[in-house]
Amino acid sequence: MHKEAAIREPLILGSPTYSDITKDVLYTIENKPTKLWKVLMTIATIIALWGVGCILYLLGVGIGTWGLNNTVGWAWDITNFVWWVGIGHAGTLISAVLLLFRQKWRMAINRPAEAMTIFAVFMAGMFPMIHMGRIWMAYWVLPLPNQFGSLWVNFNSPLLWDVFAISTYLSVSLVFWYIGLIPDFATIRDRASRPVQKLMYSLLSFGWSGNAKAWQRFEEVSLVLAGLATPLVFSVHSIVSMDFATSIVPGWHTTIFPPYFVAGAVFSGFAMVQTLMLIVRKAMRLEKYVTIKHIEYMNIVIIVTGSIVGVAYLTELFISYYSGVEYESYAFINRFSGPYWWAYWAMMTCNVISPHLFWSKKLRTNLAFTFVMSIIVNIGMWFERFVIIVTSVHRDYLPSSWSMFYPTWVDIGVFMGTLGIFSVFYLLFLKYFPVLAFNEVKSILKSSGEQYKNMSDEEFKKLHPVKK
Amino acid sequence: MSDKTIYAIYDDDYVLLESAKHLVSKGIHIRDVFSPFPIHGIDPVIGLERTRIAITAFIYGMIGVSLALTGMWFFMIQDWPLNIGGKPNFSLLTNLPSFVPITFEFGVLCAAHGMAITFMLRNWTLPGFKGKNPYPRTTDDRFVMEIHASDSDLSEEEIKSFINETCVLEIDEKHS
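Residues numbered from 1 in each chain as written. Chains lettered and ligands numbered in written order. Predicted model: local features only at pLDDT ≥ 70, side-chain atom pairs only at ≥ 80, totals over all residues.

## What to know about the overall build of chain B
Of regular secondary structure, chain B possesses 5 helices and 6 strands. In chain B, the order of α-helices and β-strands from amino to carboxyl end is β-α-β-α-α-β-β-α-β-α-β. Against the globule reference of 16 Å for 176 residues, chain B gives a C-alpha radius of gyration of 26 Å, more extended than a compact globule. For chain B, the C-alpha atoms occupy an extent of roughly 85 × 35 × 30 Å along the three principal directions. Looking at the 176 residues of chain B, the share that counts as buried comes to 39%. Here the contacts in chain B between residues at least 6 apart in sequence split such that 77% fall between residues at least 24 apart. (Helix = DSSP H or I, 4+ residues; strand = E, 2+ residues; numbered from the N terminus. Rg over C-alpha atoms; globule rule 2.2 N^0.38 Å. Buried ≥ 20, exposed ≤ 12 C-beta atoms within 10 Å, placed from the backbone. Contact = placed C-beta atoms within 7 Å.)

Written out as structure tokens, the structure is:
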């Protein structure tokens, strides 16, 4: 049996049995939805429908209804795109990178974080598509034979790299998530008593039986998928950053972008995981499995990535001065003292200063404080993308073309709408899918469960005798 | 020869693992083990060889990489060379740096999906299939060994008595 150092805090509190873990996690699936869930679902559906309405209006009228103009061609749409993709990154980081590092605390949060990834990437993918204006032509981004002679898409363009990166990321995350879900669906199938439920979960579980060879392959597939997803997640946000970095716009044309974007993505993603998990663990009574220690670990990741982001901001600022390129230095002077100064300082306060409050152990283990911080970080990261995108293009080389961007109700409506659509997906996930990877959690019960950690070898042998 | 299937049901992964070692040392062949989560260390005990599924992922990935490179060579160099922003497309080699991202993404795409499909087919788990676990609780908190009487020279009674030496919860049998 694998033993863990006693100073490591337990990851499963109390003394649940294997069957208790199943019951605790499946409680919401096997029982009628609660009032809270119905209320949240109603609110989310209303916002989502409003968002769908805004999108339909946008498609009907054209993207002129957004606040875009000749100078500022990218604004809230691409800000939202980058923000949502960034949020998605935490899910893959938790499930893939922490798997490669054999971090056991990932098991309690990988499933909900990956669900967040998938729904966030759905939302992200929508923005470039609706930005095309004529969304029914969206398939033109694919290299398909067409009626214009052999006119292919431009494989030298980062925008096309993005198409490949985002679609690969979405589908690979989906596969990774689903393969992990199969054994858990099988458990629900085997416990289900209602015929419709039995049929649904029987279809979803693909006839999984959990024999030794299947588990061996399962573990190998998870490991290899984690190995593939890790460079993938870094490549995706690097490619997103190249949408900007390969251009010659001052403020965008910097080589620091790829690592800086990846760190920012992980930073905002973990903040979103915190926001969601703090609600989920309370509402679904999963405090035993998602402990304060888990929250603390995530807050530590937030400090680390927040510091990387802070260093990147300051480097950028210094290099713009040190480069001696006047356009470049103006872009940054304009950022912190121009008409969008409030956005820049909001970003600086939320992303650079506030995460350092987490150095205090008291604060990073305080749930209410963590929740507030997670919202602040999310707001800060949204402003980061806004600052990078809008303040760079609204005043570039030609002062005669300088202009301002003001969002219209459609800009705001579509963004609010994506929050609603995301929430609808997430609430459905919480009700119908196993929220924690509970079969994986069972596998760490003996090494990280509170009951087993305090047990001596003799007590363990007494509890689990091998021979009669 | 008897073709009886004996199921030894345990309530703990550790107990099953230790019992499996005991039974194997007595010359009993364990055909399969059903468990709600992977039991680490069981593979060598019951004589499972390491899976080769990771190798297939590598092969699919390489297929993806070559497809992407061939495709981009054809689209950008061979079929319709465009001069984009004063940056002409001369040969695959000179254009290679800007083909790296898509080559990588497409390689990952093929590797991940190819391996996932292989995993499903090899396990024979596909939508609409029925679970083949002997007892529904093996996906919750039961750990079951499947032993075929015909697999070893021991008689059925001998096998059962060896199983009974371990802390087994229940022994069940099925004629097949």
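## A closer look at the overall build of chain A
Scanning chain A for helices and strands turns up 18 helices and 0 strands. For chain A, the C-alpha radius of gyration of 24 Å lies close to 23 Å, the compact-globule estimate for 468 residues. Referenced to the eigenvectors of the C-alpha coordinate spread, the extents of chain A come out at roughly 90 × 50 × 45 Å. Within chain A, the fraction of its 468 residues that count as buried is 50%. In chain A, the proportion of contacts linking residues at least 24 apart, taken out of those at least 6 apart, comes to 83%.

## A word on the interface of chain B and chain A
Contact residues are listed per partner, giving 63 residues for chain B and 60 residues for chain A. Residue assignment for the side of chain B that touches chain A shows that the elements contributing at least two residues are α1 (13–25), β2 (30–34), α2 (42–45), α3 (53–79) and α4 (92–123) of chain B. Of all the elements, α4 of chain B adds the most residues to the side of chain B that touches chain A, at 18 residues. Considering only residue class, the side of chain B that touches chain A consists of 36 nonpolar, 14 polar and 13 charged. (Nonpolar A, V, L, I, M, F, W, Y, C, P; charged D, E, K, R; others polar.)

## Thoughts on unusual backbone geometry
A positive phi is found at R102 of chain A, a non-glycine position, where the angle reads about 55 degrees. Structurally, the position occupied by R102 of chain A is in the loop between α3 (76–100) and α4 (110–131). On the basis of neighbour counts, which here come to 7 C-beta atoms within 10 Å, the residue R102 of chain A falls in the exposed class. Located in the positive-phi region is W124 of chain B, a residue other than glycine, with phi close to 55 degrees. Position of W124 of chain B relative to the elements: it lies in the loop between α4 and β5 (143–148).

## A word on the packing of helix α8 (residues 257–283) of chain A against helix α9 (residues 292–322) of chain A
All names here are of chain A. One way to put it is that α8 packs onto α9 with a least axis distance of 8 Å and a crossing angle of 150 degrees. Taken together, the axes of α8 and α9 are roughly antiparallel relative to one another. The handedness of the crossing between α8 and α9 is left-handed. On α9, the residues touching Y260, A263, G264, V266, F267, F270, A271, V273 and Q274 of α8 are I295, M298, V301, I302, T305, G306, I308, V309 and A312. (Axes fitted to C-alpha atoms, helices over the stretch in contact; angles between N-to-C directions. Parallel < 35°, antiparallel > 145°, perpendicular 65-115°, else oblique. Left-handed = near helix turned anticlockwise from the far one by under 90°.)

## Here's the deal with the sheet that holds strand β6 (residues 170–175) of chain B
Residues and elements named next belong to chain B. Read from one edge to the other, the open sheet built from 4 strands follows the order β2-β5-β1-β6, with strand pairing classed as antiparallel. With one partner strand each, in any of the chains shown, β2 and β6 form the two edges of the open sheet. Put simply, the sheet's adjacent strands are angled 20 degrees from each other on average, direction ignored. Bridging between strand β1 (residues 4–10) and β5 involves 6 bridges; their strand directions are antiparallel. (Pairing = 2+ DSSP bridges.)

## Digging into the packing of helix α5 (residues 158–191) of chain A against helix α7 (residues 212–245) of chain A
Between two packed helices, what matters for the description is the angle formed by their axes and the separation of those axes. Residues and elements named next belong to chain A. Direction vectors running N to C along α5 and α7 enclose 150 degrees, while the axes themselves pass 9 Å from each other. Looking at the two axes, α5 sits roughly antiparallel to α7. Crossing handedness for the pair α5 and α7: left-handed. Residues P158, L159, W161, D162, A165, I166, T168, Y169, V172, F176, I179 and G180 of α5 form the contact with α7, whose own contacting residues are V221, S222, L225, L228, A229, L232, S235, V236, I239, V240, M242 and D243. The class makeup of the residues in the contact of α5 with α7 is 18 nonpolar, 4 polar and 2 charged.

## A word on the nonpolar core
The biggest cluster of nonpolar side chains holds 187 residues, and the ones touching the most others in it are V172 and V441 of chain A together with V33 and A112 of chain B. In terms of residues, this core owes the most to one element, α7 of chain A, which gives 18 residues. Residues in contact with V172 of chain A, not counting those within four places in the same chain, are L228, A229 and L232 of chain A together with V108, L109 and A112 of chain B. (Core = buried A, V, L, I, M, F, W, Y, C linked by C-beta atoms within 7 Å.)

## Some words on helix α11 (residues 341–353) of chain A
All names here are of chain A. Over its 13 residues, α11 extends 17 Å from the first C-alpha to the last, a length consistent with the 18 Å expected when each residue adds 1.5 Å. Turning to α11, its buried residues are Y344, M347, M348, C350 and N351. In the core, the buried residues of α11 are packed alongside α9, α10 (326–337) and α13 (367–394). (Expected span 1.5 Å × (residues − 1).)

## Details of the pairing of β1 of chain B
Sheet topology places β1 of chain B next to β6 of chain B; 6 bridges connect them, and they run antiparallel. Its bridge partner lying in β6 of chain B, I6 of chain B is registered against E173 of chain B.

## Brief notes about α10 of chain A
Residue and element names in this part refer to chain A. Between its first and last C-alpha, α10 extends 16 Å over 12 residues, near the 16 Å set by a 1.5 Å rise per residue. Taken as a whole, α10 has its buried residues at A331, F332, N334 and R335. One side of α10 holds all its buried residues, which, seen down the axis, span an arc of 160 degrees. Opposite the buried face of α10, at more than 90 degrees from it, the exposed residues are E326 and S337. Looking at the buried positions of α10, the neighbouring elements they touch are α9, α11 and α13. (Arc of directions from axis to C-beta.)

## Things to note about the environment of T166 of chain B
For T166 of chain B, the position within the fold is in the loop between α5 (156–165) and β6. Note: C-alpha distance between T166 of chain B and I6 of chain B (160 residues apart in sequence) is 15 Å. Residues within four places of T166 of chain B in sequence aside, it is in contact with V466 and K467 of chain A together with S19 and H22 of chain B.

## A closer look at the environment of G269 of chain A
All names here are of chain A. Take G269: it is sitting in helix α8. For G269 and S202, which are 67 residues apart along the polypeptide, the C-alpha to C-alpha distance reads 33 Å. Beyond its immediate sequence surroundings of up to four residues, G269 is in contact with G86, I87, G88, H89, A90, G91 and L93.

## Here we look at the environment of L427 of chain A
All names here are of chain A. As for its position among the elements, L427 is in helix α14 (residues 409–432). What makes L427 partly exposed here is the crowd of 18 C-beta atoms within 10 Å. The spatial distance from the C-alpha of L427 to the C-alpha of A44 is 8.7 Å, given a sequence separation of 383 residues. With sequence-adjacent residues up to four places away left out, L427 is seen in contact with W37, L40, M41 and A44.

## Considering the confidence of the model for chain B
In this model, chain B carries a mean pLDDT of 88, and residues with pLDDT of at least 70 account for 98%. Across the assembled chains, the prediction reports ipTM 0.92 with pTM 0.92. (pLDDT = per-residue confidence, 0-100.)

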